[in-house]
Structure formats: structure tokens, C-alpha cells
Amino acid sequence: NRCTYCVIPQMRGRHRSRELESLVEEATLLAQQGVKELVIVAQDTSIYGRDLYGKPMLDVLLRRLNAIEGLEWIRLLYAYPETLTEETIAAMASCEKVCHYIDMPIQHGNDAVLKRMGRKSSQTLIREKVARLRAAMPDIAIRTTLIVGFPGETEAEFEYLLDFLREAELDRVGCFAYSPVDGAAANDLPGALPDEVREERRRRFMEVQAEISLRKLARRIGRIEDVIIDEEPDEDGVAVGRTKSDAPDIDGVCYVTTDRKLVPGDIVPVRITANEEHDLVG
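Residues numbered from 1 in each chain as written. Predicted model: local features only at pLDDT ≥ 70, side-chain atom pairs only at ≥ 80, totals over all residues. Heavy atoms only, no water.

> I keep staring at the overall build of the protein chain and nothing clicks. Help me out?
Check the secondary structure of the protein chain and you find nine helices and eleven strands. Its C-alpha atoms give the protein chain a radius of gyration of 20 Å, near enough to 19 Å, the size a compact globule of 282 residues would have. Expressed along its principal axes, the backbone C-alpha trace of the protein chain runs to roughly 60 × 45 × 35 Å. Looking at the 282 residues of the protein chain, the share that counts as buried comes to 49%. Considering only contacts in the protein chain between residues 6 or more positions apart, those separated by 24 or more positions represent 76%. Here the protein chain displays about 13800 Å² of accessible surface, and carbon together with sulfur accounts for 51% of that area. Between the averaged position of the 38 positive side-chain charges in the protein chain and that of its 50 negative side-chain charges there is a distance of 5 Å. (Helix = DSSP H or I, 4+ residues; strand = E, 2+ residues; numbered from the N terminus. Rg over C-alpha atoms; globule rule 2.2 N^0.38 Å. Buried < 20%, exposed > 50% of the residue type's maximum accessible area, 1.4 Å probe, protein only. Contact = heavy atoms within 4.5 Å. Areas by Shrake-Rupley, 256 points an atom, 1.4 Å probe, with all protein chains shown as cover. Lys, Arg positive; Asp, Glu negative; His and termini not counted. Charge placed at Lys NZ, Arg CZ, Asp CG, Glu CD.)

> Help me out: how do you make sense of the packing of helix H2 (residues 20–32) against helix H4 (residues 58–66) in this one?
For the pair H2 and H4, interaxial distance at closest approach is 10 Å and the crossing angle is 30 degrees. Judged on the interaxial angle alone, H4 and H2 are roughly parallel. For the pair H2 and H4, the crossing hand works out as right-handed. Judged by residue contacts, Leu20, Glu21, Leu23, Val24 and Ala27 of H2 engage Val60, Leu61, Arg64 and Leu65 from H4. Split into classes, the residues belonging to the contact of H2 with H4 amount to seven nonpolar, no polar and two charged. (Axes fitted to C-alpha atoms, helices over the stretch in contact; angles between N-to-C directions. Parallel < 35°, antiparallel > 145°, perpendicular 65-115°, else oblique. Left-handed = near helix turned anticlockwise from the far one by under 90°. Nonpolar A, V, L, I, M, F, W, Y, C, P; charged D, E, K, R; others polar.)

> Help me understand unusual backbone geometry, please; the structure alone is not making it clear to me.
Note: most residues except glycine have negative phi, and most peptide bonds are trans. The phi dihedral of Gln107 is positive, around 75 degrees, even though this residue is not glycine. Its relative accessible area of 5% is what places Gln107 among the buried residues. A positive phi angle, near 50 degrees, is found at Glu169, a position not held by glycine. Along the polypeptide, Glu169 turns up in the loop between helix H8 (155–168) and strand E5 (172–177).

> Got a minute to help me understand the pairing of strand E8 (residues 254–257) in this structure?
Across the two faces of E8 the burial differs, with Cys254 and Val256 buried and Tyr255 and Thr257 not buried at all. Of the pairings in the sheet, the one linking strand E7 (residues 238–242) to E8 comprises four bridges and is antiparallel in character. Residue Val238 lies in a different strand from E8, and its bridge partner there is Thr257. In this structure, E8 lies alongside strand E11 (residues 280–281), joined through two bridges in parallel fashion. Paired with Cys254 across the bridge in E11 is Leu280. (Pairing = 2+ DSSP bridges.)

> Is there a simple way to think about the sheet that holds E5 in this case?
Strands in a sheet are paired, the pairing made by backbone hydrogen bonds, and the direction either parallel or antiparallel. Strand order in the open sheet made by the five strands is E1-E2-E3-E4-E5, with parallel pairing throughout. Edge positions in the sheet fall to strand E1 (37–40) and E5, since each of these pairs with one other strand and no more. Here the strands of the sheet are splayed against their neighbours by 15 degrees on average, with no regard to which way each runs. Across three bridges, strand E3 (residues 98–103) lies against strand E4 (residues 141–148) in parallel orientation. Residue pairing across strands places Ile102 opposite Ile142, the latter belonging to E4. The strands that helix H9 (residues 195–218) touches are E4 and E5; relative to E5, the one it contacts most, it runs at about 175 degrees.

> Would you mind going over the side chain of Asn66 with me for this structure?
Within the secondary structure, Asn66 sits in helix H4. Here Glu96 takes part through its side chain, which lies 3.3 Å from a polar atom of the side chain of Asn66. For Asn66, the contacting residues outside a window of four places in its chain are Ile74, Cys95, Glu96, Lys97 and Val98. (Polar contact = N/O pair within 3.5 Å; in protein donor to acceptor, adjacent residues only side chain to side chain.)

> Just checking my understanding: could you explain the packing of aromatic side chains for this structure?
To describe a pair of aromatic rings, one takes the distance between the centres and the angle between the planes. Taken as a whole and assessed by the stated rule, the structure comprises two aromatic pairs. On the basis of an interplanar angle of 75 degrees and a centroid distance of 5.9 Å, the ring pair of Tyr78 and Tyr80 is categorised as edge-to-face. Judged by relative accessible area, Tyr78 falls into the partly exposed class, the value being 23%. The exposure class assigned to Tyr80 is buried, which follows from its relative accessible area of 6%. When the centroid spacing of 5.2 Å and the interplanar angle of 75 degrees are considered together, the rings of Phe150 and Tyr178 count as edge-to-face. (Phe/Tyr/Trp six-rings, centres within 6.5 Å; stacked < 30°, edge-to-face > 60°.)

> Could you clarify how one ought to interpret the state of the cysteines in this entry?
Tallying each qualifying case throughout the model produces zero disulfides. Cys99 takes part in no disulfide bond, and the closest cysteine sulfur to it belongs to Cys95, at a distance of 12 Å. Exposure remark for Cys99: the relative accessible area of 1% places this residue in the buried category. (Disulfide = S-S within 2.5 Å.)

> Looking at this structure, I do not really get the packing of helix H5 (residues 86–94) against helix H7 (residues 123–136). What am I missing?
Describing two packed helices takes the angle between their axes plus the distance from one axis to the other. Packing of H5 against H7 leaves a shortest axis separation of 9 Å and a crossing angle of 30 degrees. In terms of orientation, H5 and H7 fall into the roughly parallel class. Every pair of crossing elements has a handedness; the one defined by H5 and H7 is right-handed. Residues Glu86, Ile89 and Ala93 of H5 form the contact with H7, whose own contacting residues are Lys129, Arg132, Leu133 and Ala136. When the residues that make up the contact of H5 with H7 are grouped by side-chain class, the tally is four nonpolar, no polar and three charged.

Distances and angles like these do not, on their own, reveal function.
Right, here's the structure in full:
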């Protein structure tokens, strides 16, 4: 994928997959060392194995990892919508250890901007893939990251993106104001926007997403959800953890009040009692 705003392919070279058996072996060793949560990530996770085996093998990898004793959660990050296969979606839905969570880079909500970005997806394809994921896993948490203020982005194209955001109601959304990168093709595109316009659009975007997140998290109050502990309880008995809907470091957390001694890696049932814009309390 040679997106116009990115220089990673120039730095890293072409897509290269590790052999399936080497990944299974490493995951087995990690599980034997006590690792509970495994995060699968690549520059384009959804085409894993295509270069080695002639076809995407992410679904096979998920099923093999799912069988490893000791692993509890398997999380999938950075799966492109245009290459996410039906086989992978089926594996996610049927493997009990695979979290109903996916990080799917979308980057924008307007086809004209996507074309200038060098993206291969379209709004129709993105909407279809989101619908397919939700049909297979109604409780799935979908995460994405988008860019605002890309060269040539009009106010109408930005408003189109906001409309997409309101319609899709994605669970976890990050947003960056476009920033030029040395060597990127996008630097030569016409219509560069002033810094203040890019930042103002990022702010407006996050205000809309904060409202969506607040509303969606509030629906979970009263539920009992499994939480993996990242930080043991402090002097007030409040530990920090995450539900299956939250990846480490990039998503929200769950603040857990407890009278139990908990250590990182423990997975405990937590009753959700309140929420903030991006975090849960239980």
C-alpha cells in the first residue's frame, strides 16, 4: 500500500510475512511465560501470508493461535477493509479467544479525498465491511484512525466525513490533523491547508466522536464485563484495566474499584457502573 501521505514502504520495503509456524511457536512460548493477551499487528495484517502461501492466511493463523493453551485474548489490529476476507471474519466470530475487536484503518469518509490519499477503498466498501463485521459479531468494537485537513480537502468533504462518523458510530476513533512528511507524494498535491484550519477540523471531529463515544459507553452501564488488569489497585483500591473492546495504550480504560489483590494480567468480571467520554468505571 503506497498511500500518498506515507513513506513507510520507502523505508521498510515490500510486505513480508513471517512463517506461520514461527508465529505459533513464539505465541506458545509467550503463553508459557504467562502472557494472557496477544496483539496481532502489521502494516497490513489482513493480507498476512499472501506473499508466502499465495493467499491470505490470517484466518488460519487465528485458528492456530486460538488453540494455544494459556492464551486468553487475541486481538487484531490494522486490518485493511479492502483486504479483510470473509474467512477472517468467520474465524473471528467462531474462535472463542479472539476478541470481537478490530482496528481497521479507514483514513477518511469521502471518496475524492480517499483517491487523493492513494487509498484503494471506497465509502461503499467501508460501509459494507462494517455491516458484515457487525452481522457476524453484533458486539464487535471497531476502531479506526482518520486524517483531516488533507491537501485539497474542502469544507464539504470534511462535513461528509462528519456525516459518515455520525452514521457509522464506530467505537474507538483517533484523528490526526494532516502533517507533511519528508518524501511523501502528498507534499506535491495542490490545496495545502493552513495549520489553523487543519487543527480546527481535528477539534470539531473529536467533539463529534466524543459525543458518540459517551453515548455508546453509557449503554454498557449495568453489564458485567471481563476486564484484564494493567495496573494493580492503588491506595484507594482502584485498579486500571481494559475490556475486550480496548487495545493497550491506544484505547480507553476501565477504572475498577476492588477489595481484592489484583495483579497485571488478571482477568476479572466487573460490573460497569459509570462512564466518561472514553473510559469506563466499574
